[in-house]
Amino acid sequence: MPYIDRSLLKKENPFNKLIDTIVKKEVTKDNIIEMLSQDRNIKVRMSLAENSHTPSDILDKLADDKTIVKQLVAVNPNTSSKTLEKLANHRNNFIRQQAALNPSTSENILAKLSDDKVGYIREAVALNSSTPDNVLEKLSQDEEWGVRRGVAENPNTPVEILKKLSKDIEGIVREEVALNPNTPSDILKKLADDESEWVRIRLTQNPKIPFDILKKLAKDERRNVRDSVMKKGITI
């Protein structure tokens, strides 16, 4: 007769409750999600917190979990506005940053976060596609270049702001203007003469760059710029 370690039978199996519920056919999708939100394994709760299909009421509960779980809830687009507001006021910088990146965060909260003392949180607001124009205008004048770069990268930044940023003192900001598909052709043309080689390289990578500008860059004095044009499969 095979040996049975009876000590194992006395140990509580964490899956017993779940299996018992399923076997008795008392389980529903909501029941399972509720149970997973209380799982001892933090990776299970993290997975639930970052899933965009997780119900907002479950995310509300997970917002009281450990810091790493809170961060995932803060960036989840399905998180309720009430919970996002709470997380946007959290003392943890990284939690506020994730809330600032969330496209579901309200304009009022984004406006408040745009005044945060931490630069990378303001940068997150600048990158957010839901940030209103007036806030982007303010952030385009931020003292930190990373924030201004975020505005230049935002696909919804108005043309007038992009024009101003195309003259930014920092080349890395002008690079994002050169790469932004919303930058008008007249500004792209001026950036083709930018002193920064990297700005001109980024320009060749803009999906909406006019062919005449590409022709000019194909004859650029810097080989890296010319090579970047060639990578697009264009030979002039």
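Everything that follows concerns the structure shown earlier in this document.
Right, let's walk through the structure included here. (Residues numbered from 1 in each chain as written. Predicted model: local features only at pLDDT ≥ 70, side-chain atom pairs only at ≥ 80, totals over all residues. Heavy atoms only, no water.)

1. Some details on the nonpolar core
Residues Leu 62, Val 73, Leu 203 and Leu 217 are the most contacted members of the largest nonpolar core, which totals 48 residues. Not counting residues up to four positions away in its chain, the partners in contact with Val 73 are Ala 49, Leu 59, Leu 62, Ala 63, Thr 79, Thr 83, Leu 87 and Asn 102. (Core = buried A, V, L, I, M, F, W, Y, C linked by side-chain atoms within 4.5 Å. Buried < 20%, exposed > 50% of the residue type's maximum accessible area, 1.4 Å probe, protein only. Contact = heavy atoms within 4.5 Å.)

2. What about the packing of aromatic side chains?
Summed over all chains, the structure comprises 1 aromatic pair. Taken together, a centroid distance of 5.8 Å and an interplanar angle of 15° make the contact between Phe 94 and Tyr 120 stacked. One end of the pair, Phe 94, is in helix H8 (residues 93-101); the other, Tyr 120, is in helix H10 (residues 119-127), and 26 residues separate them in sequence. (Phe/Tyr/Trp six-rings, centres within 6.5 Å; stacked < 30°, edge-to-face > 60°. Helix = DSSP H or I, 4+ residues; strand = E, 2+ residues; numbered from the N terminus.)

3. Here's the deal with helix H6 (residues 67-75)
By the burial criterion, the buried members of H6 are Val 69, Lys 70, Gln 71, Leu 72, Val 73 and Ala 74. In this structure, the buried residues of H6 make contact with helix H4 (42-50), helix H5 (56-62), helix H7 (81-88) and H8.

4. Quick look at the pattern of salt bridges
All chains considered together, the criterion is met by 17 salt bridges. The closest approach of N and O atoms between Glu 160 and Lys 163, which form a salt bridge, is 3.8 Å. Residue Glu 160 and its partner Lys 163 are both found in helix H13 (residues 159-165); the two are separated by 3 residues, about one turn of the helix. The salt bridge partner of Asp 194 is Arg 174, with a shortest N-O separation of 2.7 Å. Residue Asp 194 is found in the loop between helix H15 (185-191) and helix H16 (197-204), and its partner Arg 174 is found in helix H14 (residues 171-179); the two are separated by 20 residues along the sequence. For Asp 194, a relative accessible area of 11% puts it in the buried group. (Salt bridge = Lys/Arg side-chain N within 4 Å of Asp/Glu carboxyl O.)

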